[in-house]
Amino acid sequence: MHTLLFRDEKQLVGAQNTPAVSIVLPFEVKMSLKSELQYKLKLALGEVEKNLMRNFSAEQALPVFNMLQHTIQNLNYDTHKKSIAIFVSPGTEKVFYLDIRVEKRIVIDDSFAIRDLVYSKKFNLQYLIFLLNSKSSKMYLGNATNLTLIKSNARGDAAEFERDMPEMVSNFSDPVKHKEVLLNKFIRQMDDGLSLILKAYPLPVFVMGVKRVLGHFKEVSKNDKSIVEYIYGNYEEAGRQKILQAMSPHIENWKHIKQQIILKDIERAGSDGRLVSGMKEIRQAAAHKNGRLLIVEKDFVYSEREDDRLEKNYIADLNPGKPFFVKDEVDDVMGKILENGGDIEFIDNDLLKDYGHIVLIRFCNIDLG
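Keep in mind that what you see is a predicted model, and the values were worked out from it rather than measured. (Residues numbered from 1 in each chain as written. Predicted model: local features only at pLDDT ≥ 70, side-chain atom pairs only at ≥ 80, totals over all residues. Heavy atoms only, no water.)

### Some points on the overall build of the protein
What the protein contains, in helices and strands, is 13 helices and 14 strands. Counting only residues that meet the buried cut, the protein has 46% of its 369 residues in that class. Partitioning the intrachain contacts of the protein with sequence separation of at least 6 by distance along the chain shows that 69% fall at a separation of at least 24. For the protein, the accessible area works out to roughly 19500 Å², and carbon and sulfur atoms hold 49% of it. (Helix = DSSP H or I, 4+ residues; strand = E, 2+ residues; numbered from the N terminus. Buried < 20%, exposed > 50% of the residue type's maximum accessible area, 1.4 Å probe, protein only. Contact = heavy atoms within 4.5 Å. Areas by Shrake-Rupley, 256 points an atom, 1.4 Å probe, with all protein chains shown as cover.)

Below you can see the structure in the form of structure tokens.
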């Protein structure tokens, strides 16, 4: 995988603009020795030096490279974050310690967009499979290639299961209706178990089973907002390989699944009073460090100036002395969200048109007025 990126290498060669360097790396000090992280940073520094000297004059390259060296030498290794982003251009340096996992990425350009940092996020494909039939259930933690069984339940014999049922159940003359009542009781118990699992593993859920059982589950489940798909079939005796085969088309279409998850998250946040829309309100929540997840349509930019103060900030931010911070206001908000422990997701155009193309889910519902 190429980690050094040039947006337009032909234009950069001999360009008059001074270079801006961005380095994004995993930086989990708890997981790695300090010496290992320093070695990775040394390698990144070597890549940057080689390409700066090849594509820019010494007069353009050396001030940036020297500042990058200084920035790397003064990093904080006591952080408990997962990754680091370093941005350097002549006269300007910025370091983000982030709570998101990333892939290594180095960008050399004449400017920087926070979106580049978001594009470096490590792809994380994880989900839960809730395999349900009339007598038992299994819960798997899954990724692209593997399943791990994390919980298994069995209904037991009929006498034990009916022990706590209301007296009227034992008087049913219709055995079919009796079985339906017993099935619903069992399914409610399994759904309660799913609720507990979701507290430990807040992931999208795929429910697998025959139509009759899943029909009952749909009627009684309290976890419908966590369920992204029902997969019908008899998987009672299925092994992991057969289950993965059934999941294969959903894994291939993971982008669509992920967007479904995000839209459900927006719906929940709206119900809980934690959803913010409108750039003014989103800026305010970000300034109060109350941004858990910023969701942006992938091509959305915002450059409207609402007051003189904002206009002045833009002029300062676009100063040639610090060219890579704010190209549009969305980038500015993204930087604040990431810096304060939040996350960012892009979504297809027009999926947020009813919200003004950008929304923020807050950590908590508080009055910021």
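What follows picks up the thread again.
### Looking at unusual backbone geometry
With phi around 55 degrees, lysine 289 is a residue other than glycine that occupies positive phi space. Of note in the backbone geometry, histidine 357 takes a positive phi value of approximately 75 degrees without being a glycine. Take histidine 357: it is sitting in the loop between β13 (343-347) and β14 (358-361).

### Things to note about the environment of leucine 263
For leucine 263, the position within the fold is in helix α10 (residues 254-272). With 32 residues separating them along the chain, leucine 263 and isoleucine 295 place their C-alpha atoms 9.6 Å apart. If we skip the residues at most four places from it in the chain, leucine 263 touches Ile347 and Leu351.

### Regarding the pairing of strand β3 (residues 83-89)
Buried residues dominate β3, accounting for seven of its seven residues. Judged by which residues are buried, β3 turns out to be covered on both faces: Ser83, Ala85, Phe87 and Ser89 on one side and Ile84, Ile86 and Val88 on the other are all buried. Relative to β3, strand β2 (residues 20-26) runs antiparallel, the two sharing six bridges. Within β3, the residue paired with leucine 25 across the bridge is isoleucine 84. Sheet topology places β3 next to strand β4 (residues 92-98); seven bridges connect them, and they run antiparallel. From the neighbouring strand, valine 88 faces β4, where its bridge partner is glutamate 93. The hairpin turn running from β3 into β4, its antiparallel successor, is two residues long, and glycine 91 in that turn takes a positive phi close to 80 degrees. (Pairing = 2+ DSSP bridges.)

### Remarks on the pairing of strand β6 (residues 127-132)
Burial analysis of β6 places six of its six residues in the buried class, the great majority of the element. On β6, burial covers both faces: Tyr127, Ile129 and Leu131 on one face and Leu128, Phe130 and Leu132 on the other are all buried. Linking two consecutive strands that pair antiparallel, namely β6 and strand β7 (residues 136-142), is a turn of three residues. Examined bridge by bridge, β6 and strand β9 (residues 205-209) share four bridges and lie parallel to one another.

### Here's the deal with the sheet that holds β14
One open sheet holds the four strands; their spatial order is β11-β14-β12-β13, and the pairing between them is mixed. For this open sheet the edge positions go to β11 (275-277) and β13, each flanked by a neighbour on one side alone. Between one strand axis and the next, the sheet turns by 20 degrees as a mean value, whatever way the strands run. Helix α11 (residues 279-287) contacts β11, β12 (293-297) and β14 of the sheet and is inclined by roughly 30 degrees relative to β14. The strands touched by helix α13 (residues 329-339) within the sheet are β12, β13 and β14, with β13 carrying the most contacts at an inclination of about 140 degrees. (Axes fitted to C-alpha atoms, helices over the stretch in contact; angles between N-to-C directions.)

### Topic: the nonpolar core
Note that soluble globular proteins tend to have their nonpolar side chains buried in a common cluster. Judged by nonpolar contacts, the single largest core of 29 residues is most densely connected at Leu117, Leu294, Val296, Met334, Leu338 and Ile358. Elements with a contribution of two residues or more to this core: β3, β4, α4 (114-119), α11, β12, α13, β13 and β14. If we ignore the near neighbours within four places in the chain, the residues touching isoleucine 358 are Ser277, Gly278, Met279, Ile282, Leu294, Ile295, Val296, Phe300, Val330 and Leu352. The next biggest cluster of nonpolar side chains, apart from the first, holds 25 residues, and it includes Leu41, Leu45, Val48 and Leu68. (Core = buried A, V, L, I, M, F, W, Y, C linked by side-chain atoms within 4.5 Å.)

### Quick word on the sheet that holds strand β8 (residues 147-154)
On the basis of which strands lie adjacent, the open sheet formed by five strands has the order β8-β7-β6-β9-β10 and mixed pairing. A single partner strand is all that each edge strand has here, and the edge strands are β8 and β10 (227-232). Within the sheet, the average angular offset between the axes of one strand and its neighbour, ignoring direction, is 20 degrees. Two elements, β7 and β8, share seven bridges in a ladder whose sense is antiparallel.

### Some details on the side chain of asparagine 223
Looking at where asparagine 223 falls in the secondary structure, it is placed in the loop between α8 (211-220) and β10. In this structure the side chain of asparagine 223 is engaged in a polar contact, spanning 2.8 Å, whose partner is the side chain of aspartate 191. Ignoring sequence-local partners within four residues, the contact set of asparagine 223 consists of Asp191, Leu194, Ser195 and Leu198. (Polar contact = N/O pair within 3.5 Å; in protein donor to acceptor, adjacent residues only side chain to side chain.)

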